[in-house]
Amino acid sequence: NAGVTQTPKFRILKIGQSMTLQCTQDMNHNYMYWYRQDPGMGLKLIYYSVGAGITDKGEVPNGYNVSRSTTEDFPLRLELAAPSQTSVYFCASSDPYEQYFGPGTRLTVT
Amino acid sequence: RKEVEQDPGPFNVPEGATVAFNCTYSNSASQSFFWYRQDCRKEPKLLMSVYSSGNEDGRFTAQLNRASQYISLLIRDSKLSDSATYLCVVKEAGGFKTIFGAGTRLFVKA
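Treat the numbers as computed from the prediction; the structure is a model and nothing was measured. The residue numbering used here restarts from 1 in each chain and proceeds along that chain's sequence as written. Chain letters and ligand numbers both follow the written order, the letters beginning at A and the numbers at 1. pLDDT decides what is reported in this predicted model: residues at 70 or higher carry local features, side-chain atom pairs at 80 or more are listed and counted, and totals for whole chains, interfaces and linings draw on all residues regardless. Each side-chain value is derived from all of the structure's non-hydrogen atoms; neither hydrogens nor water enter the calculation.

Enquirer: It is not clear to me how the overall build of chain A should be interpreted in this structure. Could you clarify?
Expert: Helix numbers and strand numbers start at the N terminus; a helix is a DSSP run of H or I with at least 4 residues, a strand a run of E with at least 2. Counting its regular elements, chain A contains zero helices and 11 strands. Traced from its N-terminal end to its C-terminal end, chain A shows the element sequence β-β-β-β-β-β-β-β-β-β-β. In this treatment the radius of gyration is a C-alpha quantity, and the globule benchmark scales as 2.2 Å times the residue count to the 0.38 power. In terms of overall size, chain A behaves like a compact globule, its C-alpha atoms giving a radius of gyration of 13 Å where 110 residues would be expected to give roughly 13 Å. Evaluated residue by residue, chain A yields a buried proportion of 45% over its 110 residues. Two residues qualify as a contact provided that any one of their heavy atoms is within 4.5 Å of a heavy atom in the partner residue. Across chain A, contacts joining residues at least 24 apart in sequence account for 54% of those joining residues at least 6 apart. Accessible area of chain A: about 5,300 Å², with a carbon and sulfur share of 51%. Positive charges come from Lys and Arg alone, negative charges from Asp and Glu alone, with His and the N- and C-terminal ends not counted. Every charge is mapped onto a representative atom, which is NZ of Lys, CZ of Arg, CG of Asp or CD of Glu. Averaging the locations of the 9 positively and 9 negatively charged side chains of chain A gives two centres separated by 12 Å. The rule is simple: take the accessible area with a 1.4 Å probe, protein chains only, and divide by the maximum for that residue type; under 20% is buried, over 50% is exposed, in between is partly exposed. To be clear on the numbers: accessible area is Shrake-Rupley with a 1.4 Å probe, and residue cover counts the displayed protein chains and nothing else.

Enquirer: Explain the interface of chain A and chain B here, please?
Expert: Many analyses report the size of an interface as the accessible area lost when the parts associate. Counting residues at the interface gives 18 residues for chain A, matched by 18 residues for chain B. Summed over both partners, buried area is the accessible surface (1.4 Å probe) that two parts give up on being assembled. Where chain A abuts chain B, roughly 1,600 Å² becomes buried across the two surfaces, and 59% of that area is made up of carbon and sulfur atoms. The largest contributions to the chain A side of the interface with chain B come from A:Tyr97, A:Phe101 and A:Arg106, which together make up 31% of the buried area. In the sections that follow, a salt bridge refers to a side-chain nitrogen of Lys or Arg positioned within 4 Å of a carboxyl oxygen of Asp or Glu. At the surface where chain A touches chain B, the tally comes to zero salt bridges. What qualifies as a polar contact is a pair of N or O atoms within 3.5 Å, subject to a donor-acceptor requirement within protein and to the restriction that residues adjacent in sequence count only when both atoms come from side chains. For the interface between chain A and chain B, the tally reads three residue pairs in polar contact (both at pLDDT 80 or more).

Enquirer: Could you clarify how one ought to interpret the sheet that holds strand β8 (residues 76-78) of chain A in this entry?
Expert: What links the strands of a sheet is backbone hydrogen bonding, and the strands pair in either a parallel or an antiparallel sense. Residues and elements named next belong to chain A. Read across the sheet, four strands follow the order β1-β3-β8-β7 without closing on themselves; strand pairing throughout is antiparallel. Across the chains shown, the open sheet's two edge strands, defined by having one partner strand only, are β1 (4-7) and β7 (64-66). Pairwise comparison of adjacent strand axes, ignoring direction, gives a mean angle of 20 degrees for this sheet. Pairing between strands is defined by DSSP: at least two bridges between the two strands are required. Across four bridges, β1 lies against strand β3 (residues 19-25) in antiparallel orientation. Within β3, the position partnered with Thr7 by the bridge is Gln22. Helix axes are fitted to C-alpha atoms over the stretch in contact, other axes to C-alpha atoms as well, and angles between N-to-C directions run from 0 to 180 degrees.

Enquirer: Would you mind going over the packing of aromatic side chains with me for this structure?
Expert: Note on aromatic pairs: each is described by the distance of the centres and the angle between the planes. Two aromatic rings from Phe, Tyr or Trp, using only the six-membered ring of Trp, form a pair when their centres are within 6.5 Å; if the ring planes differ by under 30 degrees the pair is stacked, by over 60 it is edge-to-face, and anything between is tilted. Tallied over the full model, the rule gives 12 aromatic pairs over all chains. Seen from their ring centres, A:Phe101 and B:Tyr36 are 6.0 Å apart, and the 85 degrees between their planes marks the pair as edge-to-face. Of this pair, A:Phe101 sits in strand β10 (residues 99-101) while B:Tyr36 is found in strand β4 (residues 30-38), placing the two residues in two different chains. A relative accessible area of 8% places A:Phe101 in the buried class. Pairing B:Phe21 with B:Tyr86 gives two aromatic rings, centres 5.3 Å apart and planes at 35 degrees, and the pair type is tilted.

Pasting the structure below:
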């Protein structure tokens, strides 16, 4: 079972570049989330979605955008990358309580 | 005060030991509680939900004290494979806000 998949696994960006982190789940979950995890820190919620067409900001949304056109996909867009966005990004889905995470994307901005 | 606080550790214990982790949360209206496990450079995975009456899953026992806003996880007969970071997770009532603690690191040694 695939569960939650994320691409890419690793990426190095230059300051000011943009990119989209992909997230797909095959469990037909309504709820999806994007988190970032900095070294030695807990997960911080960036954006979440309660269903196709509905998204909302989490704790640290600045510098990011999301869309949810289908139940399965929840891409995260970084515009004008900054060194402060160097982190590990996790996508998760739930229906509704227990969250299942993807393997993460390690992003470095230099 | 942090919304979810955990002792960061690390806890270094020998195989076979019993170890307990504590977690406190600040929002008395919180509804659901979980323990997740995160291995180094991997995604968090659900270990167990925490119920008001307390619950046990093999060597793991979770307890909730709503009056003191306190959650605990007890691991008996520690195995080398239990070495990981344990995340306390609290979900607020009526919404989708999920707060992750920064985690407690456990090292089990032979």
